[in-house]
Amino acid sequence: MIKVRFHGRGGQGMKTSSRILGTAAFLSGFFVQDFPIYGAERRGAPVVAFTIISKEPILERGYIFDPNILLISDETLLLDKQTDPTKGMSKESIVFINSNKNEDYFKEKIGAKVIVEDLTKIALEVLGRPILSTLIAGVAAKLVGIEQKYLEEAVKEELEQIGANEEMIRKNILAATIGYNKVQEVKIEQTESLEPEVKVVEVEYNDPEISTPVISFVANSYLKKTGTWRVFKPIIKYQKCKSCRLCYVYCPESAIKWENNFPVIDYENCKGCLICVQECPLKAIEIVREGE
Amino acid sequence: MEARKMKLEKKIKTIFDIPIQEYVAPGGIFCQGCGAILAARLILKLLGERTVVVNAAGCFTLAVVYPYTVFKASWLYTAMACAPAGAQGIRDALDILIEKRKIDKNEDLNILVVTGDGAASSIGLQSTITAIHRNLDFWYLAYDNQAFMNTGAQKTETTPFGAATSTTKPTSLSPLGTEQEPLDLFSVWVSAGAPYVATVSPSYPVDFLDKVERAKEIKGPKLFHCLSGCPPGWNYEPALTIKVGRLAVESGVWALKEAVNGTIKHTYIPKKRIPVEEYLKIQGRFEHLFKPVKNKEAIEEIQRKVDKYWEYELHDAK
């Protein structure tokens, strides 16, 4: 049994990746499970999805805590303590990271087989948007050893279901193929299929005072540092800025501060929605890709 | 009389009148480019930290996730149907405390209900109507993203004609997606007798905050029905949130107006309305009206309804 866990951000398409991998494996004749963690839908927030592939019927249900393959579509997730993408990983696990840094950068930190490719760059070239669903699905399909024709068929099937048009499907099949050819097939230490134990956990009754906690602090969410959500970074060119305040007023979450009659971007928290870039009447805000 | 007086005293005239104090911190779990949190940030700039935000389940559920909160104001979470009832409870508690002289009159708090359109127009409408009936003194910000966005874009009563949602997907049997007309929440509130009802857009912050500032003088239920762009739900790039709102207003799809004690007035009338097509075509939820073949009939119908609305309203204004 091969257990694959996908970590990404809302909007990158990790749920679709896990579905494509699942469908491709199913078409190749395996038993398959694929599902995301149900949560509120948020573009930019951490997302987790799972695919289990097996020659035998799969009796387990639930999240994957001991992945054989980990696909991380955004390196900044490694800093997110709540998500902790490498949790449950063993030394034999294979970790794929989408990043524009090199492999050595991650090897020491992670201590497992690490493969690094800059898929965002490819996505921007091929699809014109930083959506990685088919690229990552291509990588995953190659790693687990699925034939390319089944991958292509799965991409078509899944994207048709979510209403993509022919041109998008064609571009995404191309993207999946590029992802597929970026990596080599690897030997995977498989997990034994388990007979699930039946274990009933009793939940204790808690007084509402305990079970509904009170937050006595105000406006402390800036500690979450959502600056890691960015793909592109807005940079204000102060020579051009005429202090018209539009970027400041339109910044949805007050990530632009107004200081000494000029806007100042709080990069620890700016999520990179780029409304400021779009709305600046003087085009005084430029974009660079994060990490460049 | 009162209505006439209100027309004259414009309090927020330019973007420079918008205070630079912030009452919403960054770092909340909102989508990139969220129009709803922008609306909440703007209204709280004027209501300040001496406010209790009463929040029904929706996208704003994740504004406060233990141990973090985005608000400087206090926050109370209620079930989807009963945010105005929560507001009533707080109002009563404050009144009793003031009456017993436990707190000073100056220490009174604003009560701001913040819900999405799902709670405002369908699930929570009963408790809203009864709160208006009791003339409860509270503010209501209904951020209208025109579907149940928190759970993945299921249709609500305010989903517009022709929009695709996850429960009204365009198919060969129903090529339009949503076939119904949206509920007019503004008129519902006006006919229920609320003293102040306004439609706003975060793309027009001066208009929005001027309404908030002037409404401070009115006691009773006050609605701010805000069309707030939703990048994932409406399927457009996050950077376009302000542009989408602007196109909605300039095309006449979203009319900026207010009703003071029942007297309706448009606060912004686009001089020359742009075609609704401009507004529809940049959103993925209307893509099926353009591809693979353009559904001219449906687009013309939307245009006709907008034209009819303005013809009627402007004629009335004369």
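Owing to the predicted nature of the structure, the values given are computational and were not obtained by experimental measurement.

**Considering the interface of chain B and chain A**
Argument step 1. At the junction of the two partners, chain B supplies 42 residues and chain A supplies 40 residues.
Argument step 2. Looking at the side of chain B that touches chain A, the elements that each hand over two or more residues are helix 2 (35-47), strand 3 (68-69), helix 8 (231-234) and helix 9 (241-250) of chain B.
Argument step 3. When the residues that make up the side of chain B that touches chain A are grouped by side-chain class, the tally is 27 nonpolar, ten polar and five charged.

**Remarks on the environment of A:Val139**
Residues and elements named next belong to chain A.
Argument step 1. One can find Val 139 in helix 4 (residues 133-144).
Argument step 2. The class for Val 139 is buried, based on 28 C-beta atoms found within 10 Å.
Argument step 3. Once the C-alpha coordinates of Val 139 and Leu 71 are considered, the two residues, 68 residues apart in sequence, prove to be 8.8 Å apart.
Argument step 4. The residues contacting Val 139, other than those within four sequence positions of it, are Leu 71, Phe 96, Gly 179, Lys 182 and Val 183.

**Considerations on unusual backbone geometry**
Argument step 1. For the peptide bond that leads from B:Tyr66 to B:Pro67, omega is 0 degrees, which places it in the cis range.
Argument step 2. Relative to the helices and strands, B:Pro67 is located in the loop between strand 2 (64-65) and strand 3.
Argument step 3. Here B:Lys291 and B:Pro292 are connected by a cis peptide whose omega angle stands at -5 degrees.
Argument step 4. When you line up the elements, B:Pro292 lands in the loop between helix 10 (276-281) and helix 11 (296-317).
Argument step 5. A positive phi angle is found at A:Lys225, which is not glycine, with a value near 50 degrees.
Argument step 6. Inspection of the secondary structure puts A:Lys225 in the loop between helix 7 (208-211) and strand 7 (232-236).
Argument step 7. In this structure, A:Asn260 takes a positive phi of about 50 degrees despite not being glycine.
Argument step 8. Here A:Asn260 lies in the loop between strand 8 (256-259) and strand 9 (262-265).

**Some words on the environment of A:Ala140**
All names here are of chain A.
Argument step 1. Looking at where Ala 140 falls in the secondary structure, it is placed in helix 4.
Argument step 2. Along the sequence, Ala 140 and Val 183 sit 43 residues apart, while their C-alpha atoms lie 9.1 Å from each other.
Argument step 3. Setting aside anything within four residues of it in sequence, one finds Ala 140 in contact with Val 4, Ser 17, Leu 21, Ile 69 and Leu 71.

**Looking at the pairing of strand 1 (residues 51-56) of chain B**
All names here are of chain B.
Argument step 1. Taken across its six residues, strand 1 has six buried, putting it largely inside the fold.
Argument step 2. Here strand 1 shows no split at all, with Thr 51, Val 53 and Asn 55 on one side and Val 52, Val 54 and Ala 56 on the other all buried.
Argument step 3. As paired elements, strand 1 and strand 5 (residues 110-116) share five bridges and run parallel to each other. Pairing of Val 53 across the sheet is with Leu 112, part of strand 5.
Argument step 4. As judged from the five bridges shared by strand 1 and strand 4 (residues 74-78), these two strands associate in the parallel manner. Note on strand 4: the bridge partner recorded for Val 53 is Trp 75.

**Thoughts on the sheet that holds strand 1 (residues 2-9) of chain A**
All names here are of chain A.
Argument step 1. Spatial ordering of the open sheet is given by 2-3-1-4-5-6, a layout of six strands whose pairing is mixed. With partners counted over all chains shown, the strands left at the sheet margins are strand 2 (31-36) and strand 6 (113-117), one partner each. Between one strand and the next, the sheet's axes are offset by a mean angle of 15 degrees, whatever the strand orientation.
Argument step 2. Inspection of the sheet shows strand 5 (residues 94-98) paired to strand 6 by five bridges, in the parallel sense. Looking across to strand 6, one finds that Ile 94 is bridged to Lys 113.

**Regarding the domain arrangement of chain A**
Residues and elements named next belong to chain A.
Argument step 1. Domain boundaries assigned for chain A yield domain 1 (2-182) and domain 2 (221-289).
Argument step 2. Centre-to-centre, using C-alpha coordinates, domain 1 lies 31 Å away from domain 2.
Argument step 3. In this complex, domain 1 contributes seven residues to the contact, which on the side of domain 2 involves four residues.

**Topic: helix 6 (residues 166-182) of chain A**
All names here are of chain A.
Argument step 1. With 17 residues, helix 6 extends 24 Å from end C-alpha to end C-alpha; this agrees with the ideal 24 Å at 1.5 Å per step.
Argument step 2. Looking at helix 6, one finds that the buried residues are Asn 172, Ala 175, Ala 176, Gly 179 and Tyr 180. All buried residues of helix 6 lie within an arc of 140 degrees about the axis, which places them on one face of the element. Seen from the buried face of helix 6, the exposed residues on the opposite side, beyond 90 degrees, are Glu 166, Glu 167 and Asn 181.
Argument step 3. Residues of helix 6 that are buried in the fold lie against helix 3 (119-126), helix 4 and helix 5 (148-161).

**Examining helix 5 of chain A**
All names here are of chain A.
Argument step 1. The terminal C-alpha atoms of helix 5, which comprises 14 residues, lie 20 Å apart, in line with the 20 Å expected from a rise of 1.5 Å per residue.
Argument step 2. Taken as a whole, helix 5 has its buried residues at Leu 151, Glu 152, Ala 154, Val 155, Glu 158 and Leu 159. Projection of helix 5 onto a plane perpendicular to its axis shows the buried side chains occupying an angular sector of 160 degrees, all on one side. Of the residues in helix 5, the exposed ones pointing more than 90 degrees away from the buried face are Lys 149, Glu 160 and Gln 161.
Argument step 3. Taken together, the buried residues of helix 5 touch helix 1 (14-27), helix 4 and helix 6.

Calculation criteria
- Residues numbered from 1 in each chain as written.
- Chains lettered and ligands numbered in written order.
- Predicted model: local features only at pLDDT ≥ 70, side-chain atom pairs only at ≥ 80, totals over all residues.
- Contact = placed C-beta atoms within 7 Å.
- Helix = DSSP H or I, 4+ residues; strand = E, 2+ residues; numbered from the N terminus.
- Nonpolar A, V, L, I, M, F, W, Y, C, P; charged D, E, K, R; others polar.
- Buried ≥ 20, exposed ≤ 12 C-beta atoms within 10 Å, placed from the backbone.
- Pairing = 2+ DSSP bridges.
- Axes fitted to C-alpha atoms, helices over the stretch in contact; angles between N-to-C directions.
- Domains from an automatic or database assignment.
- Expected span 1.5 Å × (residues − 1).
- Arc of directions from axis to C-beta.

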